[in-house]
Amino acid sequence: MSMKKIIIANWKMNPQTAEEALRLVKGILAQRLSKNIELIIAPPFVYLDLVRKNCGREIKLAAQNISWAERGAYTGEISSLMIRNLGCDYVIIGHSERRHKMGETDEMINLKLKAAFKVGLVPVLAVGEKESNDDIIKVLTRQVKSALEGIGVSEIGRLIIAYEPVWAISTSGTGMIDTPDHALSAVLLIKKIMSNLYGSEWAADLPVLYGGSVTSENAYDFITQSGISGALVGDASLKLQDFIKIIKEAEINE
Ligand code: 13P
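Reading guide: rules and limits
Residues numbered from 1 in each chain as written. Predicted model: local features only at pLDDT ≥ 70, side-chain atom pairs only at ≥ 80, totals over all residues. Heavy atoms only, no water. Helix = DSSP H or I, 4+ residues; strand = E, 2+ residues; numbered from the N terminus. Rg over C-alpha atoms; globule rule 2.2 N^0.38 Å. Buried < 20%, exposed > 50% of the residue type's maximum accessible area, 1.4 Å probe, protein only. Contact = heavy atoms within 4.5 Å. Areas by Shrake-Rupley, 256 points an atom, 1.4 Å probe, with all protein chains shown as cover. Lys, Arg positive; Asp, Glu negative; His and termini not counted. Charge placed at Lys NZ, Arg CZ, Asp CG, Glu CD. Core = buried A, V, L, I, M, F, W, Y, C linked by side-chain atoms within 4.5 Å. Near = heavy atom within 4 Å. Polar contact = N/O pair within 3.5 Å; in protein donor to acceptor, adjacent residues only side chain to side chain. Pairing = 2+ DSSP bridges. Axes fitted to C-alpha atoms, helices over the stretch in contact; angles between N-to-C directions. Expected span 1.5 Å × (residues − 1). Salt bridge = Lys/Arg side-chain N within 4 Å of Asp/Glu carboxyl O.

Undergrad: Honestly, the overall build of the chain in this entry has me stumped. Any pointers?
TA: Looking only at helices and strands, the chain has 11 helices and eight strands in total. Taken over C-alpha atoms, the radius of gyration comes to 17 Å for the chain, in line with the 18 Å a tight globule of 254 residues would show. With respect to the three principal axes, the spread of C-alpha positions in the chain is 45 × 45 × 35 Å. Every one of the 254 residues in the chain was classed for burial, and the buried ones make up 53%. For the chain, restricting intrachain contacts to residue pairs at least 6 apart in sequence, the fraction spanning at least 24 positions comes to 73%. For the chain, the exposed area adds up to about 11,800 Å²; of that, 53% sits on carbon and sulfur atoms. Counting 29 positive and 30 negative side-chain charges, the chain places the averaged centre of each group 5 Å from the other.

Undergrad: So what exactly am I meant to see when it comes to the nonpolar core here?
TA: The tendency in soluble globular proteins is for nonpolar side chains to be buried side by side. If you look at the biggest cluster of nonpolar residues, it comprises 71 residues, and the most contacted ones within it are I7, L159 and M194. The element that contributes the greatest number of residues to this core is helix α8 (residues 180-198), accounting for nine residues. Excluding residues that lie within four positions of it along the chain, L159 makes contacts with L113, F117, P123, L125, L148, M194, L206 and P207.

Undergrad: Looking at this structure, I do not really get the site of the ligand. What am I missing?
TA: Inspection of the region around the ligand gives N10, K12, H95, E164, I169, S170, G212, S213, L232, G234 and D235 as its neighbouring residues. Take K12: an N or O atom from its side chain is 2.8 Å from an oxygen atom of the ligand. Residue S170 places a side-chain N or O atom 2.5 Å away from an oxygen atom belonging to the ligand. For the ligand, the protein covers 99% of the area, taking 300 Å² as the surface of the free molecule.

Undergrad: What's the story with the environment of M3 in this structure? I'm lost.
TA: Position of M3 relative to the elements: it lies in the segment before β1 (5-10). Sequence separation between M3 and S226 is 223 residues; the distance between their C-alpha atoms is 9.8 Å.

Undergrad: Honestly, the sheet that holds strand β5 (residues 122-127) in this entry has me stumped. Any pointers?
TA: Within a beta sheet, neighbouring strands are joined by backbone hydrogen bonds and run either parallel or antiparallel to one another. In space, the eight strands of this closed barrel follow the order β1-β2-β3-β4-β5-β6-β7-β8, with parallel pairing throughout. Pairwise comparison of adjacent strand axes, ignoring direction, gives a mean angle of 25 degrees for this sheet. Both β1 and strand β2 (residues 37-42) contribute to a ladder of six bridges, which runs parallel. Bridged to A9 within β2 is I41. Against the sheet, α8 contacts β5, β6 (160-163) and β7 (208-211), and its axis sits at roughly 140 degrees relative to β6.

Undergrad: Got a minute to help me understand helix α6 (residues 136-147) in this structure?
TA: An α-helix turns once every 3.6 residues. As a result, residues three or four positions apart point the same way. For α6, spanning 12 residues, the distance from its first C-alpha to its last is 16 Å, which sits close to the expected 16 Å at 1.5 Å a residue. Every buried residue belonging to α6 is among V139, L140, Q143, V144, S146 and A147, and all of these are buried. Next to the buried residues of α6 lie α4 (96-101), α5 (106-119), β5, β6 and α8. With a side-chain oxygen lying 3.3 Å from the backbone nitrogen of I137, the N-terminal cap of α6 falls on D135.

Undergrad: Help me understand the pattern of salt bridges in this model?
TA: It is possible for side chains of opposite charge to pair when their charged atoms get near one another. Counting across every chain of the model gives 15 salt bridges. The residue E38 makes a salt bridge to K4 at a minimum N-O spacing of 3.8 Å. Of the two residues, E38 sits in strand β2 while K4 sits in the segment before β1, which places them 34 residues apart along the sequence. By relative accessible area, E38 is classed as buried at 13%. Judged by its relative accessible area of 32%, K4 is partly exposed.

Here it is in structure tokens:
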């Protein structure tokens, strides 16, 4: 297993201009980036090409979504092959905002994972319970199992999972944040579910990230948990100095 910590900037539907997108990328690149971190930016589709042309070899690219369909009459959709051909290596699939605001179902997420694997994209499967008092075992088991339905062990080596408790996302309005201990227990639960599905050796190697109100102040506490492979960062990834600090915290952990 790669011991590299993985940091993903999920810009969501931000920023509003290409100039600002470019400013963020150039600001990150101006840092001396450690080779021991896998740094990934997930911009909106419209900036993917711009970011790709300006992100050097140190930064990898992720799409925030893909279509489950391969091609054809799907107005407004973007296929996995288009994303791959654009130079992306990763794609976030099943983000809670897509599940809860765009009505994505477990079945769609399963099809999107298959579409990603088919073209060689590494999917970052996002899972997480909606409310802090939800039955986490039940929710995560359902989300992981249904997402991976029909996906064989040969693909699993190219999967990343992100645990994102919806109630702890900065824009959720709850004002609540997760604790590193709870995040770690959820990550270990995901590994247990994967172990039951695919065997313990696959589960041990599976990178599982944490996402939800990760800031420059708390990043270290999450990222340095040995079972947590990195962070999926929303809001703080749009604040250049904060994001640079998060990257540095991951480097300290080398
Ligand atoms: P925040 O870091 O803004 O809480 O967002 C987390 C997230 O949804 C990343 O995908």
